[in-house]
Amino acid sequence: MGPHPAVAAIRLAVRRALHDILSQHASAAAGATARAPEPPAMSAAAPPERQAPSPDWAAGILRASRPFRAPAPDAPLVLVACSGGADSMALASALAFEAPRLGVRAGGVTVDHRLQSGSDARAAEVVSRLGALRLDPVESVAVDVGHAGGPEAAAREARYAALDAVAERHGAAAVLLGHTRDDQAETVLLGLARGSGTRSLSGMAEVSGPRGRYRRPFLRVDRQTARRACMVQALPVWDDPHNTDPAYTRSRLRHEGLPALEKSLGKGVVEALARTAQLSRDDADALDSWAQRAAAGVRDEHGHLDCAALYALPPAVRRRVLRAALLAEGAPAGALFAKHIEEVDRLITGWRGQGAINLPGKVEARRLGGRLVLRQG
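Below: a short report on this structure. (Residues numbered from 1 in each chain as written. Predicted model: local features only at pLDDT ≥ 70, side-chain atom pairs only at ≥ 80, totals over all residues. Heavy atoms only, no water.)

Regarding the pattern of salt bridges
- Taken as a whole, this structure holds 25 salt bridges when the rule is applied.
- Across the pair Asp 285 and Arg 199 runs a salt bridge, and its minimum N-O distance is 2.9 Å. Of this pair, Asp 285 sits in helix 9 (residues 269-295) while Arg 199 sits in helix 6 (residues 198-201), and the two are 86 residues apart along the sequence.
- Residue class for Asp 285 comes out partly exposed when judged on its relative accessible area of 37%.
- For Arg 199, a relative accessible area of 30% translates into the label partly exposed.
- Between Asp 288 and Arg 320 there is a salt bridge, with the nearest N and O atoms lying 2.8 Å from each other. (Salt bridge = Lys/Arg side-chain N within 4 Å of Asp/Glu carboxyl O. Helix = DSSP H or I, 4+ residues; strand = E, 2+ residues; numbered from the N terminus. Buried < 20%, exposed > 50% of the residue type's maximum accessible area, 1.4 Å probe, protein only.)

As structure tokens, this is what we get:
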């Protein structure tokens, strides 16, 4: 008799992610081998221990029928970011089950944001639970959460900085995150409320971060499936009170906004929003590629942007070229909004002799002699 359907669903999602990680690392290893100089021939008298073979940890993809493989010392390490909630505990359990069967090393990390009383004790409990799943290494990292961008954004920035540091220290190939399809739907609605365009509506990517570090296997798994998998496996979970605190925008959306939409529009809203995210991401990727190709053709010999060449571009492409140029000049991505891009765009499409525009990061945009000049200060 096979596992419960909820358990099977989360394990399949993680197995697919691990296959992708193994394939990527197999390709990287093959490329490194091809570039490396051929080592000198070893003497026949050399002791056997000096000729240790290099294990083929990617062979798990080809030998899927093998039920269990002890990971080799140089196998890729995959970490799970775990808060102790149902989503991340389900993810940790699936990683603990699948990783040894593919010859992958698996560990875990929990981030203590120190925003609630007793957070250190809860972090220690999560470490204990991850250890009970036989994940190794496992650690807790405490962070200081600032105030820039609001409490949710500040906590997110501190959390990812900590995860980056842990991944670098352990040489981890990837960090798995427990975002579900429900989280994706919420992210799309938040992007829609900001009016930030197609990229914002594309939600969270399945693969993101430096060198594809962050993986989100559960973006096609709903939150109830993850919680049910924890119940079936008798995994203890912690429900963060912040997730039900109406002071937080995402919490209000989760407990008030989405239920109201489903009441008005019927079931299937979450699935439709998640599907919208994927379609928007495909469109945004295509437009970004177009903008990258167009950017080189709209600059003069001094590197300034030619207004006539910009005007000839489709608006969606032109705005992407402008945004990339502003970021390159020093405008911070987190503070550069659609309204800023629209103001700069009017220097191209609605020129009436207006003066310079001051933008985040002390970047100035000004039209001079048919050229768009961007500079600091």
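So much for the structure itself; the text now carries on.
Focus: the nonpolar core
- Core analysis: the biggest nonpolar cluster contains 35 residues, and Val 14, Leu 18, Leu 95 and Phe 218 have the highest contact counts within it.
- At the level of secondary structure, the elements contributing two or more residues to this core comprise helix 1 (5-35), strand 1 (77-81), helix 2 (86-101), helix 3 (119-132), strand 4 (174-176) and helix 7 (223-232).
- Sorting elements by how many residues they give to this core places helix 2 first, with nine residues.
- Core analysis: the second largest hydrophobic core is formed by 25 residues, Leu 326, Leu 347, Val 363 and Leu 372 among them. (Core = buried A, V, L, I, M, F, W, Y, C linked by side-chain atoms within 4.5 Å.)

Some thoughts on the sheet that holds strand 5 (residues 207-208)
- Within the open sheet, the six strands sit side by side as 3-2-1-4-6-5. Their pairing is mixed. Either end of the sheet is taken by a strand with one partner, and the two such strands are strand 3 (138-142) and strand 5.
- Summarising the sheet, strand 2 (residues 105-112) and strand 3 pair through five bridges and their orientation is parallel. Bridge pairing links Asp 112 to Ala 142 in strand 3. (Pairing = 2+ DSSP bridges.)

Digging into the pairing of strand 2
- Of all eight residues that make up strand 2, seven are buried, and the element is covered over most of its length.
- In the sheet, strand 1 pairs with strand 2 via five bridges, with the strands oriented parallel. Residue pairing in the sheet places Ala 81 in a bridge with Val 109 of strand 2.
- As for the winding sense of the linkage, the β-α-β connection from strand 1 through helix 2 to strand 2 is right-handed.
- For the crossover from strand 2 across helix 3 to strand 3, the handedness is right-handed. (Right-handed = clockwise from strand over helix to strand, strands pointing away.)

Focus on helix 12 (residues 338-349)
- Between its first and last C-alpha atoms helix 12 spans 16 Å; for twelve residues at 1.5 Å apiece the expected length is 16 Å, and the two agree.
- Along helix 12, the residues classified as buried are His 340, Ile 341, Val 344, Asp 345, Leu 347 and Ile 348. Angular distribution of buried residues about the axis of helix 12 spans 140°; they occupy a single face of the element.
- Among the structural elements, helix 10 (307-311), helix 11 (315-329), strand 8 (357-359), strand 9 (363-368) and strand 10 (371-376) are those in contact with the buried residues of helix 12. (Expected span 1.5 Å × (residues − 1). Arc of directions from axis to C-beta. Contact = heavy atoms within 4.5 Å.)

These values are about where atoms sit, not about what they do.
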